[in-house]
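# Structure at a glance
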Amino acid sequence: MALERWFRRKRPTRGDDDASPTGLWLKCPGCHAQIYRKDLIGNLYVCPECGFHERMPVEARVAMLADEGSFERWSGAVMPSDALGFVDTEPYTERLQAAQSKTDRPDAILTGAATLEGEPVALAVMDFGFLGGSMGSVVGEEIARAAERAADEDRAFVSVAASGGARMQEGALSLMQMAKTTVALEALARRRLPYVSVLTDPTTGGVTASFATLGDLVVAEPGALICFAGPRVIQQTIKQDLPEGFQRAEFLLRKGMLDDVIARPALKSRLAGYVRVLRAGLASCAGSAVVRDAALAAPSLDHDDGAPASDGEEALQRATAV
Amino acid sequence: MALERWFRRKRPTRGDDDASPTGLWLKCPGCHAQIYRKDLIGNLYVCPECGFHERMPVEARVAMLADEGSFERWSGAVMPSDALGFVDTEPYTERLQAAQSKTDRPDAILTGAATLEGEPVALAVMDFGFLGGSMGSVVGEEIARAAERAADEDRAFVSVAASGGARMQEGALSLMQMAKTTVALEALARRRLPYVSVLTDPTTGGVTASFATLGDLVVAEPGALICFAGPRVIQQTIKQDLPEGFQRAEFLLRKGMLDDVIARPALKSRLAGYVRVLRAGLASCAGSAVVRDAALAAPSLDHDDGAPASDGEEALQRATAV
Amino acid sequence: MPLPFEKPIDDLEARIRDMRAYADEQDVDLSGEIAALEQRLASLTRETFAKLDRWQRVQVARAAGRPTALDYLARVVEDFSELHGDRALGDDPALVGGLARLGDHGLVVLAQQKGRDTKENIHRNFGMAHPSGYRKALRLFDLADKFGLPVLSLIDTPGAYPGITAEEQGQAWVIAASIQRMSRLRVPAVSVVIGEGGSGGALALAVANRVLILEHAIYSVISPESCAAIRWRDAAEAPRAAEALKLTADDLLEQGVVDSVIPEPVGGAHKDPDGAVEAVRVAVSEAFAALRDHSSESLMAQRHERFRRMGRVLEAA
Amino acid sequence: MPLPFEKPIDDLEARIRDMRAYADEQDVDLSGEIAALEQRLASLTRETFAKLDRWQRVQVARAAGRPTALDYLARVVEDFSELHGDRALGDDPALVGGLARLGDHGLVVLAQQKGRDTKENIHRNFGMAHPSGYRKALRLFDLADKFGLPVLSLIDTPGAYPGITAEEQGQAWVIAASIQRMSRLRVPAVSVVIGEGGSGGALALAVANRVLILEHAIYSVISPESCAAIRWRDAAEAPRAAEALKLTADDLLEQGVVDSVIPEPVGGAHKDPDGAVEAVRVAVSEAFAALRDHSSESLMAQRHERFRRMGRVLEAA
Ligand SMILES: [Zn+2]
Ligand SMILES: [Zn+2]
């Protein structure tokens, strides 16, 4: 959230959020050229002059990645609730309604099945335009269900992150989504299904510090801000200027944190290529690979989507009885 | 070897090698005090004035660590050979004979069974006085056999390293001891037996870069030089002075490379304590822990000491047949 | 220095001290008066702490003199022996790890350590770990699994450190890795929030089978001050943010985020550190005793389910 | 620039070139003479390279124009896609890693890359990896195991980098870890020493089921120069040190350190890079084909035994 404000101030024209202008012409934040809006959109929201990657709407992202006609939406079965009765200058419920009206989705995520150059995947794309892409219970649950359903349907998992972090209006429950999404990824690991995570501008806080950096491969788009603590928080802490390019994708690539930085026009084929190779391991070694993480192969670890969760003691008893 | 010379030049009074004086009085390299030789020996070769840790003879080390009367020697069944016919300013065979006469052991290591405060262990102590503690085929073989026999006899493994690195007179065969000692440690890992490695002054090169840093816990003595490349090599490479305390135990502790730096008088009880705790895991979790590394549990991995090694193709066939 | 709402308690304590001194000095018997005042002190303390609001609890959770992780370790476990370093970046004093014993079995311990004074606070970076701290934890989780050693973690941090080096070294990456690694532990894991459970930096070490919390400790997605600065654009609104965040032990129990609340001595752990340590010792021993006979598989499954079900969503019609 | 012993070959090549030019210019038929000279060239080259001493082979192994790891990768595997970073310290250009395909299966590739010119040499640190390079390898070994991808490593390094940062970041620790991790791979692993196999920095990536070496590559515990500096106290004695170290492909085959020698085109790989690349492609394909149907357990066991038996000792009477 802090980030969202920071961006509004520093990068007024970037992205598809509230503050983005809706005129025919846009000024590119990268090269300051005047770009015709349609040209930008036709070029995958990449500046035709300098290659600056504007934020991309969720539906355009899906259209760019999924083979034509292959996308089938999964998300939408769960809606956010105001568990804490959170009110700041405005009630959380009203903020939710406004975001839902604006984006026409229940929360900050869209998931579904698709193929990428024929490779079956589950896609999870975050919407920074919905309360800054913050992760509350619904985002966590949709990520978890998508990962688990991908595992059930023998699909690789591809997530496209864009988030200001945890949704503080859901208190500690939003913090717990970091652990929830992480344990849900085990369903993929157990079946040796690849998970490729794409970090886009911006990916921060609790999303960076959970599922989004736990991909078998983690790549980013050029120029994307990727961090745990936002630049403003760090500046306030250390009281000095930040290095040039700090926390941007290229910086993190040099620091060893990313597998690669991939320009948007190449993204689909690179992701498909990764999935293809990671699924082309030797059959003779696959069996024992599963044995190796017998930890993860425990059948009692399987989670039933939507089934009422038992409490800890019950789970322990049940698991023990298995 | 380079190191050995470096030490002779810079630290003439340290250690138990050729260059150490044999008089009644010694000058401490730490505080420059004149120390009565017997006082030094009686104090575990630690300067009573400043705590400087002199190098310690192998037998004194064993006496310090092993419970009284518990040590039973294992090493000695294999002797070095001159596989390459290596001659520099002197034949390797002559250097070997001189070292054997001086130290009264076949090569730069002593291994055996012992108890430490009652905990059954295998001990492997390197002798820097034997050709700079360099690791050739015999040192590698004795380490490997000691680790494997420890596993057979349900003992923890404790090694005390002191080495100038690989023994170049044995060429690539000495390099291969790094891999040989490493794979031999798997016998311990398979049986969840602890391996605690003690690094003493100096531990360098191929010994640091193999078994000696692969302990479940890795500790060092105060002031010990521990490195991959020796200080002189680095100085020649970078042409600038090295930082104060560079590559010493305390420096490496700060850099996160050591579990602890332990003064000699406390070493035995600390090692025994580590072994005691690491062997007190829950029985309910031990079984599955073995499953986890099913990799390591493959029975065909067991190595028969002394059995003639089959060639690669045979091993592959044999293992496959299991 | 008492907390603001402790002033009346502090005053009454001073009066009792004065009266004792007077009685000693003058050799008069004031035991009746003193007993009465002590009774009043006890009920005043009880009443004060029974109706603390959330912001006051935040202050108790951070109170000077509140026992730190190492204070607990000294008596909750036996023979604690610190292990240093992450084998990559350094050794982080804000996140202490090591071996210990609990009854007849070994233990791996991880503890977020704030300072007990300014000097230690600087050394410990106020309990805010760098990536090397979490990497040390990863290493010790591996050790725990290899040797079947249960894991105890003590949580007390404002959060993972936000700084240039921390970001360069992948703070987000190591926190995610720590969450994942801890969720995969094949041994029993118990976490106790003893003071401040600050965001992802706390959660990274709290993916346990049992998450306990001290009565006046807090556990939150964000500090009240930062929340206020963002949502009210005014850090001074921290008390309102604390209310909104529902971050007290009772709140968390209600939300299902913690499994049980360990009562503190009346007046808070800082009033009676020994009492608090003993309460934690008993709670930790019981928690491990209840877990120790379960198989690795059941422990992993229970931990997995515990965190998988976190959150509140409405199923769409 | 020819190597010293290549001078007669180089001269003869120049003569042939001149004669061709002259024939073209003057439009005379010198094809008979040229053919004779070419025959002489072929036999001169063959003879020269047949009796290279060990120091000369060291020079061939390091020759400018000798194909580098990336030159091999371009054609030995398909669709090489580089993966960066060690998730801790950085991304080391001296040790390149990534995904590729070989026939119908995926592959993890690791390659020590020297520069093809001064600029690249500086960028690649002359093929001397830092700890982050070996950490990247550790990460990719995990990836290979998880997805059942065989591992191909190409070895060409003077050694792991000896420097302050490298020591601070635990160069010895990561080399040991890499040896251990590679020995535990659950997939087939093939290593090819394509140029210089320098000490522990080379071995760290060469704990394979099959270790191949190009005819004029070397593999040694120490460089001849360093060996000479230590044992003769004079780096100029490198030729004698090279002889003593027995570091050529044939020596290593005899010692059991490598499994087979890949013949290079006459005159060395630098004379015919395409021929060398093709020879490696065929050898690598055959090596993986022979390993692909073995179980993980048999692959590990074979690798374990391969290295467990290394060395020559005498059993005491
Ligand atoms: Zn532009
Ligand atoms: Zn002294």
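Residues numbered from 1 in each chain as written. Chains lettered and ligands numbered in written order. Predicted model: local features only at pLDDT ≥ 70, side-chain atom pairs only at ≥ 80, totals over all residues. Heavy atoms only, no water.

### Some words on the domain arrangement of chain C
All names here are of chain C. As a reminder of what qualifies: What fixes the domain bounds is an automatic or database domain assignment. Any two residues whose heavy atoms approach within 4.5 Å are treated as being in contact. The working definition used for a salt bridge is a side-chain nitrogen of Lys or Arg within 4 Å of a carboxyl oxygen of Asp or Glu. Distance and chemistry together define a polar contact, namely a pair of N or O atoms within 3.5 Å, with one atom able to donate a hydrogen and the other to accept it when in protein, and with adjacent residues in sequence counting only for side-chain atoms on both sides. To qualify as a helix, a DSSP run of H or I must reach at least 4 residues; to qualify as a strand, a run of E must reach at least 2; elements of each kind are numbered from the N terminus.
For chain C, the assigned domains read domain 1 (4-51) and domain 2 (58-308). Measuring from the centre of the C-alpha atoms in domain 1 to the corresponding centre in domain 2 gives 35 Å. Taken together, the contact between domain 1 and domain 2 spans 8 residues of the former and 8 residues of the latter. In this assembly, domain 1 and domain 2 are joined by 1 salt bridge. A salt bridge links Glu-13 to Lys-271; the nearest nitrogen and oxygen atoms lie 3.4 Å apart. Across the domain 1-domain 2 interface, the total number found is 2 residue pairs in polar contact (both at pLDDT 80 or more). Every element with two or more residues in the side of domain 1 that touches domain 2 is listed here: helix H1 (7-26) and helix H2 (31-50). Ranked by residues supplied to the side of domain 1 that touches domain 2, first place goes to H2 with 3 residues.

### Re the coordination of the zinc ion (ligand 2)
Residues and elements named next belong to chain B. In plain terms, the rule: Each metal site is built from N, O and S donor atoms within 2.8 Å (3.2 Å for Na, K and Ca), and since water is not included, such sites may look incomplete. All geometry calls rest on donor angles, where a four-donor set with angles between 85 and 135 degrees is tetrahedral, four- and six-donor sets with opposite donors more than 155 degrees apart and all others between 65 and 115 are square planar and octahedral, and all else is irregular. Accessible area is worked out with a 1.4 Å probe on protein chains only. A residue is then buried under 20% of its type maximum, exposed over 50%, and partly exposed in between.
Donor atoms from the polypeptide that bind the zinc ion (ligand 2) are Cys-28 (SG), Cys-31 (SG), Cys-47 (SG) and Cys-50 (SG), placed at 2.2 to 2.4 Å. Viewed at the metal, the 4 donor atoms of the zinc ion (ligand 2) are separated by angles of 107 to 112°, and the geometry they form is tetrahedral. The sequence pattern formed by the donor residues of the zinc ion (ligand 2) is C-x2-C-x15-C-x2-C. Here Cys-47 falls in the buried class, since its relative accessible area comes to 3%.

### A closer look at the interface of chain A and chain C
Heads up, the rule is: Summed over both partners, the accessible area (1.4 Å probe) lost when two parts come together is defined as the buried area. Amino acids are sorted into nonpolar (Ala, Val, Leu, Ile, Met, Phe, Trp, Tyr, Cys and Pro), charged (Asp, Glu, Lys and Arg) and polar (every other residue, Gly among them). Strands are labelled as partners when DSSP assigns at least two bridges between them.
Counting from both sides, the interface comprises 81 residues of chain A and, opposite them, 60 residues of chain C. Carbon and sulfur atoms supply 67% of the area that chain A and chain C bury against each other, a total of about 6,300 Å² over both sides. Here chain A and chain C share 6 salt bridges between them. The interface formed by chain A and chain C contains 17 residue pairs in polar contact (both at pLDDT 80 or more). The element best represented in the side of chain A that touches chain C is helix H6 (residues 171-184) of chain A, accounting for 13 residues. Across the side of chain A that touches chain C, the residue classes tally to 48 nonpolar, 19 polar and 14 charged. Where strand E4 (residues 78-80) of chain A lies against strand E9 (residues 313-315) of chain C, 3 bridges are found, and the strand directions are antiparallel. Its bridge partner being in E9 of chain C, Pro-80 of chain A is matched across the sheet by Val-313 of chain C.

### Thoughts on the sheet that holds strand E3 (residues 72-73) of chain B
Residue and element names in this part refer to chain B. Threshold: In this description, a line fitted to the C-alpha atoms serves as the axis of each element, helices being fitted only across the stretch in contact, and the angle between N-to-C directions of two axes falls anywhere from 0 to 180 degrees.
Across the sheet, which stays open at both edges, the 7 strands sit in the order E3-E5-E6-E7-E8-E9-E10 with mixed pairing between neighbours. The sheet is open, and its two edges are formed by E3 and strand E10 (260-261), each paired on a single side. Strand direction decides the pairing type here: strand E8 (residues 195-203) and strand E9 (residues 217-220), joined by 4 bridges, are parallel. Within the sheet, the bridge partner assigned to Ser-197 lies in E9 and is Val-218. Along the sheet, helix H5 (residues 137-152) contacts E3, strand E5 (109-116), strand E6 (119-126) and strand E7 (156-163); its crossing angle with E5, the most-contacted strand, is approximately 20°.

### A word on the coordination of the zinc ion (ligand 1)
Residues and elements named next belong to chain A. For the zinc ion (ligand 1), the full set of protein donor atoms is Cys-28 (SG), Cys-31 (SG), Cys-47 (SG) and Cys-50 (SG), and the range of their distances to it is 2.2 to 2.3 Å. Coordination geometry of the zinc ion (ligand 1): the 4 donor atoms subtend angles of 106 to 112° at the metal centre, consistent with an arrangement described as tetrahedral. Coordination of the zinc ion (ligand 1) draws on donor residues from a single chain, spaced C-x2-C-x15-C-x2-C in sequence.

### Details of the sheet that holds strand E10 (residues 260-261) of chain A
All names here are of chain A. The mixed open sheet is built from 7 strands, whose spatial order is E3-E5-E6-E7-E8-E9-E10. Every interior strand has two partners, whereas the edge strands, strand E3 (72-73) and E10, have only one. Relative to E10, strand E9 (residues 217-220) runs parallel, the two sharing 2 bridges. In the strand pairing of E10, Val-219 is matched with Asp-260. Sitting on the sheet, helix H5 (residues 137-152) is in contact with E3, strand E5 (109-116), strand E6 (119-126) and strand E7 (156-163), with an inclination near 20° to E5.

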